[in-house]
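Coordinate analysis (summary)
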Amino acid sequence: MSLDIKRPNINKAKKKMGFIVKMQLNNNSNRGGHNKRNLFIFVFFRKYYRWILWFFLSLYLFTSYFAGDQSSPSTTTRLLSNHKTSSSLPSRALIESSAISTTSIGIFSGMKIHVYDLPARFNVDWVTQSDRCASHLFASEVAIHRALLSDSSSFVRTLDPEEADFFFVPVYVSCNFSTVNGFPSLTHARSLLSSAVDFISDQHPFWNRTQGSDHVFVASHDFGACFHAMEDMAIEEGIPEFMKKSIILQTFGVNYKHPCQEAEHVVIPPYIPPESVQRAVDRAPENGRRDIWAFFRGKMEVNPKNISGHFYSKGVRTAILKKYGGRRRFYLNRHRFAGYRSEIVRSVFCLCPLGWAPWSPRLVESAVLGCVPVVIADGIQLPLSETVRWPEISLSVAEKDVKNLRRILEHVAVTNLSVIQRNLREPGLKRALLYNVPMKEGDATWHILEALWRKLDRSYRRLDCFGLFRIGETGMSRVGVHNVSGLTRTREMSAELAFTEWINTCPQGSESVKYADV
């Protein structure tokens, strides 16, 4: 059988455009039976070919939607762009023991951190008063402190402050829970931190010599070190003056100028208990099916209250509720439920709209449980963005576009959803967003140390290594060394001796020395 394809005569009016298929039956033997069968196949295909095409197209989209591919060995390196390790990360479980290899330790180039031993009133007493202090969404201040004190951090922690590059100040300011609504009260934060700085500056010389530029604090609150839940009040009060030269590990971050991030800072993940995440994974459907298409559980006001001219979530959550509440494919719930992570692990898309602040724990919960985070918070800077490739594991939707949310998600579902889901299954990515005690290679604390390593130019110990040698005209001159944090040393020596001293005394791995004749 052969097919001749002819185009229709375009000069004939009112005739449908398309192809005319003329069948020529060339087999003369057994012509009757074969002809009838071939003619039947042709007529059937010609009549129902649209349905056949739709069937196979639908089957392809369906399998792309629910089926996932196995992760490739290079995914970890691609998603964790700055994680340097000599071996691949383990992939058998979400939370898994990860021995810290000697080779991996080398990436920190001998960086040392001294953890101040403060009186219990600044930290331990708060945990003693409430177990919740170490497990709620602001508990990264506790988790980082404990991780640095664990044996797994001994390669970077030093008991000798003279050899420290950074000084960690362990003050828990998020554990003063209100007796009215149960939320953390931050009214005492500034005075508690000020008392801690007074203590270390009285007991040790290290704060005074740098004005705190090599000291590290944690501010895991709505607007970081501004210590207020309402943005206008946070901006008005600003960062305490005594902390403005320090390094702040904070959950708040935006990609535009903001008074609450004017200090040197690292945007870190909010705290999610690893054991609670593992419990949700263990309870997930055995077939891995995600039967909830778009999920959100949390505060959504039908009629948002006007609080000093501001509306919760800028009205975004209300818009979502009014537009998609009751829709079959949207599972929206305004009520609290302790086991809500078991719902996340069953969901395809997890909505992460802003609250009072742009960030929320849903960002981490969604990602580590394999639900695509749909970030609805204009200008947000996501945690550890220098390490975690958020564009490859999440969606960003502008606040003004929530009215088109269903259409946006449907487009992703039929295009690159399977790729995003494959990326989310990478264990190395999940580990990077969770805190562990003791610290594990590649976890959140580990990547915070990497971020500090990139700020070694603030180290007083390495001042000469990151400085600018100013060499005079004479053989013996005053050599001044100035670094980013504004510290300067001058001493009388020859230019040759100064450079030789830098070579011999700077810690291994120090870089970026600059020198110039003046």
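Data block above holds the structure.
Since this is a predicted model, take the numbers as computed values, not measurements. (Residues numbered from 1 in each chain as written. Predicted model: local features only at pLDDT ≥ 70, side-chain atom pairs only at ≥ 80, totals over all residues. Heavy atoms only, no water.)

A few points about the state of the cysteines
Counted according to the given criterion, the structure contains three disulfides. Sulfur-sulfur distance for the disulfide between Cys133 and Cys175 comes to 1.8 Å. The S-S bond linking Cys133 to Cys175 shows a torsion near 65 degrees; that makes this disulfide right-handed. Highlighted residues: Cys133 in the loop between helix 4 (124-129) and helix 5 (140-149) and Cys175 in the loop between strand 4 (166-168) and helix 6 (189-203), separated in sequence by 42 residues. This pair shows no difference in class: Cys133 is buried, exactly as Cys175 is. Covalently, Cys350 is tied to Cys371 through a disulfide, its sulfur atoms 2.1 Å apart. Classification of the bridge connecting Cys350 and Cys371 rests on its S-S torsion, roughly 115 degrees, and on that basis the disulfide is right-handed. Residue Cys350 is located in strand 12 (residues 347-353), and its partner Cys371 is located in the loop between helix 12 (362-368) and strand 13 (372-376); the two are separated by 21 residues in the primary sequence. Taking relative accessible area as the criterion, Cys350 reaches 2% and is therefore assigned buried. Classification of Cys371 as buried rests on a relative accessible area of 0%. (Disulfide = S-S within 2.5 Å. Helix = DSSP H or I, 4+ residues; strand = E, 2+ residues; numbered from the N terminus. Buried < 20%, exposed > 50% of the residue type's maximum accessible area, 1.4 Å probe, protein only.)

Here's the deal with the sheet that holds strand 12
Each strand in a sheet pairs with its neighbour through backbone hydrogen bonds, running either in the same direction (parallel) or in the opposite one (antiparallel). An order of 11-8-12-13-14 is seen for the five strands of this open sheet, with the pairing classed as parallel. Pairing within the sheet leaves two strands with one partner each, and these edge strands are strand 11 (330-333) and strand 14 (395-396). Taken together, the five bridges between strand 12 and strand 13 define a ladder with parallel strand orientation. Bridge pairing in strand 13 links Leu351 to Val374. This element, helix 14 (residues 417-424), spans strand 12, strand 13 and strand 14 of the sheet and lies at about 105 degrees to strand 13. (Pairing = 2+ DSSP bridges. Contact = heavy atoms within 4.5 Å. Axes fitted to C-alpha atoms, helices over the stretch in contact; angles between N-to-C directions.)

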